[in-house]
Amino acid sequence: MKLSTIIPFTSFALGAFALPGGLNPRAAPMIYLAGDSTMAAKGANDGATDGWGQYLASYVTTTVVNKAIGGRSARSYSNEGRFTEIANLVKSGDIVVIEFGHNDGGSPTSTTDNARSDCPGTGEETCKSGKTGETVYTFGHYVKAAANTYIAKGAKVVISSQTPNNLWEGGKYSASAPRFVAYAAQAAKEVGTGASFVDHFQAVANMYSKLGNTATNALYPNDHTHTSPKGADLSAQAFAQAIKVALNGTTPISPYLKAGNPTVW
Ligand SMILES: *[C@@H]1O[C@H](CO)[C@@H](O)[C@H](O)[C@H]1NC(C)=O
């Protein structure tokens, strides 16, 4: 065999002409999604319900990488290194959507702290876990820290408010936003350049108002938080529409929307 003599010559020849591909931005950005079960694939893991994240792929022209995990809050997603995992993947020009809130409530100072509840407040307040002594930060702290990390890598961040629960529960429409909706908007504002906000809660609330009682209740087979696959697809459509109309300002996703996406609200 002459491989030992051929290989060094070949690698030399390739090396002389190889381009530093790793330094080039991607041809099209990746959209990474960070969130909880309402965004994760098969959120409740029973087939009856699903998260909306992967359905977004049907409404955009670029690749969606759904990194959402059931049961997570901004705090636990951060502490488990999941924001960091995405930071290690993003390249300049990529887009990261951050959407939390369903699991962020509760009291971290309780002796039964569930490792998900954020410290109350919107700034740099801290508190101590009543169970482990861990220093706990606010929702805004965790989200802004993640956003700033991605922006430092040349990515853009879309902070999205949580989806609503079933707003027709009990047959009456009621749409008061949990505090994490305003917190998400505030976080995007405080991060500033590189971050934008989309009120997914409002978009889905508008859609449910239009769908009405029976059709909305039919999207919730198990509980008032997790929707059927159809409901997840509709939540993705409501999100895409919010991006299209720039519901709360322009976002970097809008150039990648497909033409002819459905109008659901
Ligand atoms: C997002 O924009 C819509 C439309 O103007 C508005 O109704 C909603 O309150 C805004 N969301 C937040 C959290 O400011």
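Reading the values: rules and limits
- Residues numbered from 1 in each chain as written.
- Predicted model: local features only at pLDDT ≥ 70, side-chain atom pairs only at ≥ 80, totals over all residues.
- Heavy atoms only, no water.
- Near = heavy atom within 4 Å.
- Polar contact = N/O pair within 3.5 Å; in protein donor to acceptor, adjacent residues only side chain to side chain.
- Areas by Shrake-Rupley, 256 points an atom, 1.4 Å probe, with all protein chains shown as cover.
- Nonpolar A, V, L, I, M, F, W, Y, C, P; charged D, E, K, R; others polar.
- Buried < 20%, exposed > 50% of the residue type's maximum accessible area, 1.4 Å probe, protein only.
- Helix = DSSP H or I, 4+ residues; strand = E, 2+ residues; numbered from the N terminus.
- Pairing = 2+ DSSP bridges.
- Axes fitted to C-alpha atoms, helices over the stretch in contact; angles between N-to-C directions.
- Parallel < 35°, antiparallel > 145°, perpendicular 65-115°, else oblique.
- Left-handed = near helix turned anticlockwise from the far one by under 90°.
- Contact = heavy atoms within 4.5 Å.
- Core = buried A, V, L, I, M, F, W, Y, C linked by side-chain atoms within 4.5 Å.

Draft legend 1. Structural detail: the site of the ligand. Every residue close to the ligand is listed here: Ala185, Phe197, Asp199, Leu247 and Asn248. Taking Asp199, its side chain carries an N or O atom lying 2.6 Å from a nitrogen atom of the ligand. For the ligand, whose free accessible area comes to 360 Å², the fraction covered by protein is 50%. Considered class by class, the residues forming the shell around the ligand number three nonpolar, one polar and one charged.

Draft legend 2. Structural context of the pairing of strand β1 (residues 31-35). By the criterion of burial, β1 is predominantly enclosed, with five of the five residues buried. Alternating positions in β1 separate into two faces, Ile31, Leu33 and Gly35 on one and Tyr32 and Ala34 on the other, with burial throughout. Bridge count for β1 against strand β2 (residues 64-66) is three bridges, and the pairing is parallel. Note that in β2 the partner of Tyr32 across the bridge is Val65. Sheet topology note: the β1/strand β3 (residues 95-99) ladder contains five bridges and is parallel. Bridge assignment links Ala34 to a residue of β3, and that residue is Ile98.

Draft legend 3. Spotlight on the environment of Gly231. Looking at the element boundaries, Gly231 is found in helix α8 (residues 229-244). Note on Gly231: relative accessible area 0%, which makes it buried. In sequence terms Gly231 and Tyr220 are eleven residues apart; their C-alpha atoms lie 7.7 Å from each other.

Draft legend 4. Molecular detail of the packing of helix α4 (residues 139-152) against helix α5 (residues 179-191). Taken N-terminus to C-terminus, the directions of α4 and α5 make an angle of 40°; their axes are 9 Å apart at the nearest point. Relative to α5, α4 is oriented oblique. Handedness of the α4/α5 crossing: right-handed. Two secondary-structure elements touch here, α4 through Phe139, Val143, Lys144, Ala147, Asn148 and Ile151 and α5 through Phe180, Tyr183, Ala184, Ala187, Glu190 and Val191. Residues of the contact of α4 with α5, tallied by class, amount to nine nonpolar, one polar and two charged.

Draft legend 5. Representation of unusual backbone geometry in the model. For Ala115, which is not a glycine, the phi torsion comes out positive at approximately 70°. Mapped onto the secondary structure, Ala115 falls in the loop between β3 and β4 (126-128).

Draft legend 6. Layout of the nonpolar core. Membership of the largest hydrophobic core comes to 37 residues, with the highest contact counts inside it found for Ile31, Val97, Tyr208, Phe239 and Ile253. Contributions of two or more residues to this core are made by β1, β3, α6 (200-211) and α8. By residue number, the principal contributor to this core is α8, which donates eight residues. Contacts of Ile31, omitting those with residues within four sequence positions, involve Val60, Thr62, Thr63, Val64, Val65, Ile95, Val97 and Ile253. Grouped together as the second largest cluster of nonpolar side chains are 32 residues, Phe83, Ile86, Val96 and Val191 included.

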